[in-house]
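Residue strings, one per chain:
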Amino acid sequence: MNRFYITTPIYYVNSTPHIGHAYTTIAADILTRHHEQRGEDTFFLTGVDEHASKNVRSAEEQGLDPKEFVDRIVEQHWRPLPARVHADVDFFIRTTDEGHRRFVQDFIERIRENGHIYEDVYAGLYCVGCEAFKSADELVDGKCPDHGIEPEWIEEKNWFFRLSAFQQPLLDLYDRRPDFVQPRFRYNEARSFIAHGLQDFSLSRAGQPWGVPIPWDPDQVVYVWVDALINYLSALTYARPGEDLRDRYWPEVRHVIGKDILRFHCVFWPALLLAAGYEPPKQVFVHGYLQIGERKISKSLGNVISPLDLLAIYGVDPVRFYVARVTTFGQDGNASVEDVHERYERELANDLGNLVSRTTAMIARYRDGTLKRAGGSPPVDLERLREDVAERLDAWDLSGGLEAIWSVVRDLNRYVESSAPWQLAKDDADAAALDTVLYNLADGLTGVAIALASYLPETAPQILDALRQSRDLSWSRIAPGVADEVEGIAAASPLFPRVDLPAAAA
Ligand code: MSP
């Protein structure tokens, strides 16, 4: 059986979730659900990165100890995030988990035993925002360009990882696996970074107690990025008590990440894995940034809605639809609340919602709710839809998969217009033709609902229920003639009711 293990980055907890975090989580969930539909053995991991030094500062400011601080924010804001976007995760990792801490220690002990760690003095500029050392030429006016703050001078005795020794093994890996990093331009970016030469880096920090202690030198803690990357492996050792999932899912892992953390995932992580004696991941997919502008929705009330408020206004499925639709996965995307609203009305309410309403209403009205199989060739090619969507999702093309489905939705709408069932209903001589049209519409919509289920997990079963079809979402069921003969179809209420933006938010 095919195995599909997918991860999101583990999020920093010093702030609260925003649309960018929801974006990655939704994308990974769409892929997981899709592979489940194909009958694969899937595992979906997300979680939080808690040992950042900024947490110590934020905790101090609030008069809390760091663990109290992260406990509060994780349980209040971060653990609920997957459920808020209907992401069906298999495990939520916290890097403060005992199982993770123990595994990190074993992992770096292995790297040391393999001879890839040495002691040296580190002196350099460190940006707390990036949690990374910066060279002078990376700074703009002495400040980190990403965080606008001046890095701090740090000089300490550290444990170093011999990254330089992994330049050739990494180049070999990239040559052997041209699809290791996707999309291709990100592969080139990572490979050329490696080809320019790699410098050893410090994998410990001295003089701060917040983190995982270095097992052979407990005065130091593991560098937060090393601690964080290891989560993808550590989770498998304790997510299911009594079971070691590494045998099952490693190295069948796909990491979904944003473009800002490419080096950590495409260079440091595979090197650390090789150093510890593990296979590198199967694939890293690097996506762009999704920016959604805030919008003042009512001048008199002074309300401003944040992009995550869209979940409450439009519902979860429309937000999932939007983030998958708005931009090619991998590219940056600019979005706006107006655009969300426009697509909600045009594509979800009109194209899809109306099609379901009309189809069920006509079956109820002309055939008393009974759906009968009828001859005649189908107006859409469901076999092709099944293959197209799977192919595009295998290539990480989330927007392409959705477009393939939408082209069938549009074809079905055109079919309603061109076959004009309301005319056929006027003449008994057209009874067989009417049966064909109604069956084709119900059958096409059944296939569409199954194809859409990973994107719209709430709406798809509603469509199947409205047509009184089985909720079985198996991928092979996207095929002509899948709709069963049923009775009792009633005119469905709108799937995507009108949303009056200001009123909803007020
Ligand atoms: N803790 C590290 C990741 C460690 S993984 C071993 C981290 N956390 S983060 O919370 O700052 O960012 C997590 C992810 O969110 C990154 O992949 C980042 O690119 C992504 N995004 C943050 N803002 C984003 C958008 N506006 N749009 C899309 N993704 C963006 O980095």
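Now for a description of the structure that goes with this document. Note that the structure is a prediction, hence the values are computed from the model and not measured.

### Side note on the packing of helix H13 (residues 316-325) against helix H14 (residues 337-367)
Interhelical geometry of H13 versus H14 gives an angle of 105 degrees and a closest axis separation of 10 Å. Here H14 runs roughly perpendicular to H13, going by the angle between their axes. When H13 is examined against H14, the residues Pro 318, Phe 321, Tyr 322 and Arg 325 are found in contact with a partner set consisting of Asp 339, Val 340, Arg 343, Tyr 344, Glu 347 and Leu 348. Residues that form the contact of H13 with H14 fall into these classes: 6 nonpolar, no polar and 4 charged.

### A word on the sheet that holds strand S5 (residues 132-134)
What links the strands of a sheet is backbone hydrogen bonding, and the strands pair in either a parallel or an antiparallel sense. As summarised here, the arrangement of the 4 strands in space is S5-S4-S6-S8, forming an open sheet in which the pairing is antiparallel. Taken across any chain shown, the strands that pair with only one partner, and hence form the sheet edges, are S5 and strand S8 (201-202). Pairing analysis gives 2 bridges linking strand S6 (residues 152-161) to S8, with the strands arranged antiparallel. By the bridge assignment for S8, Phe 161 is matched with Phe 201.

### Remarks on H14
Of all the bends in H14, the largest measures some 40 degrees and sits at Ala 349. Backbone geometry just after H14 places Asp 368 at a positive phi near 55 degrees.

### What to know about the sheet that holds strand S12 (residues 253-258)
Read from one edge of the open sheet, 6 strands run S3-S2-S1-S12-S13-S7, paired in parallel fashion. Two strands close off the open sheet at either side, each with one partner strand: strand S3 (91-94) and strand S7 (181-182). Sheet analysis places strand S2 (residues 41-49) next to S3, joined by 4 bridges and oriented parallel. Paired with Gly 47 across the bridge in S3 is Ile 93.

### Remarks on the site of the ligand
In the neighbourhood of the ligand, 23 residues make up the surrounding shell, with Ile 10, Asp 49, Gly 258, Asp 260 and Leu 290 lying closest. In the model, an oxygen atom of the ligand is placed 3.1 Å from a nitrogen or oxygen of the Tyr 12 main chain. Measuring from an oxygen atom of the ligand, one finds a side-chain N or O atom of Asp 260 at 2.4 Å. Listed by contribution, the elements that provide at least two residues to the shell around the ligand are strand S1 (3-12), helix H1 (19-37), helix H8 (224-229), helix H9 (231-238) and S12. Looking at the shell around the ligand, its residues break down into 13 nonpolar, 8 polar and 2 charged.

### Brief notes about the pairing of S6
As paired strands, strand S4 (residues 117-127) and S6 are joined by 10 bridges and run antiparallel to one another. Of the residues in S6, the one forming a bridge with Tyr 118 is Phe 160.

### Concerning unusual backbone geometry
Cis geometry marks the peptide bond from Gln 182 to Pro 183; its omega dihedral reads -10 degrees. Relative to the helices and strands, Pro 183 is located in the loop between S7 and helix H7 (184-195). The omega torsion of the bond from Trp 250 to Pro 251 falls at 5 degrees, within 30 degrees of zero and hence cis. A positive phi angle, close to 55 degrees, is found at Asp 368, a residue other than glycine.

### Details of helix H19 (residues 459-466)
By the criterion of burial, H19 is predominantly enclosed, with 6 of the 8 residues buried. For H19, the full list of buried residues reads Thr 459, Ala 460, Pro 461, Ile 463, Leu 464 and Ala 466. Turning to H19, the residues buried within the fold contact H13, H14 and helix H18 (431-452).

### Observations concerning empty space enclosed by the protein
One pass over the full model with this rule turns up 3 cavities of 30 Å³ or more. Taken together, His 51, Ser 53, Tyr 126, Glu 131, Arg 205, Gln 208, Trp 210, Val 221, Val 222 and Val 224 form the lining of the largest cavity. In terms of residue class, the lining of the largest cavity is built from 5 nonpolar, 3 polar and 2 charged. What lines the second largest cavity is Tyr 11, Thr 25, Thr 46, Gly 47, Val 48, Trp 78, Leu 81, Pro 82 and Phe 92. Elements supplying a minimum of two residues to the lining of the second largest cavity: S2 and helix H4 (81-84). When residues of the lining of the second largest cavity are assigned to their parent elements, the largest contribution, 3 residues, is made by S2. When the residues that make up the lining of the second largest cavity are grouped by side-chain class, the tally is 6 nonpolar, 3 polar and no charged.

Rules used in this analysis
Residues numbered from 1 in each chain as written. Predicted model: local features only at pLDDT ≥ 70, side-chain atom pairs only at ≥ 80, totals over all residues. Heavy atoms only, no water. Axes fitted to C-alpha atoms, helices over the stretch in contact; angles between N-to-C directions. Helix = DSSP H or I, 4+ residues; strand = E, 2+ residues; numbered from the N terminus. Parallel < 35°, antiparallel > 145°, perpendicular 65-115°, else oblique. Contact = heavy atoms within 4.5 Å. Nonpolar A, V, L, I, M, F, W, Y, C, P; charged D, E, K, R; others polar. Pairing = 2+ DSSP bridges. Bend = angle between axes of the 7 residues up to and from the residue. Near = heavy atom within 4 Å. Polar contact = N/O pair within 3.5 Å; in protein donor to acceptor, adjacent residues only side chain to side chain. Buried < 20%, exposed > 50% of the residue type's maximum accessible area, 1.4 Å probe, protein only. 1 Å grid on protein atoms, 1.4 Å probe; cavity = no way out; pocket = protein on both sides within 12 Å on 5 of 7 lines; lining within 4 Å. Points joined across faces, edges and corners; volume = space filled by probe spheres on them.

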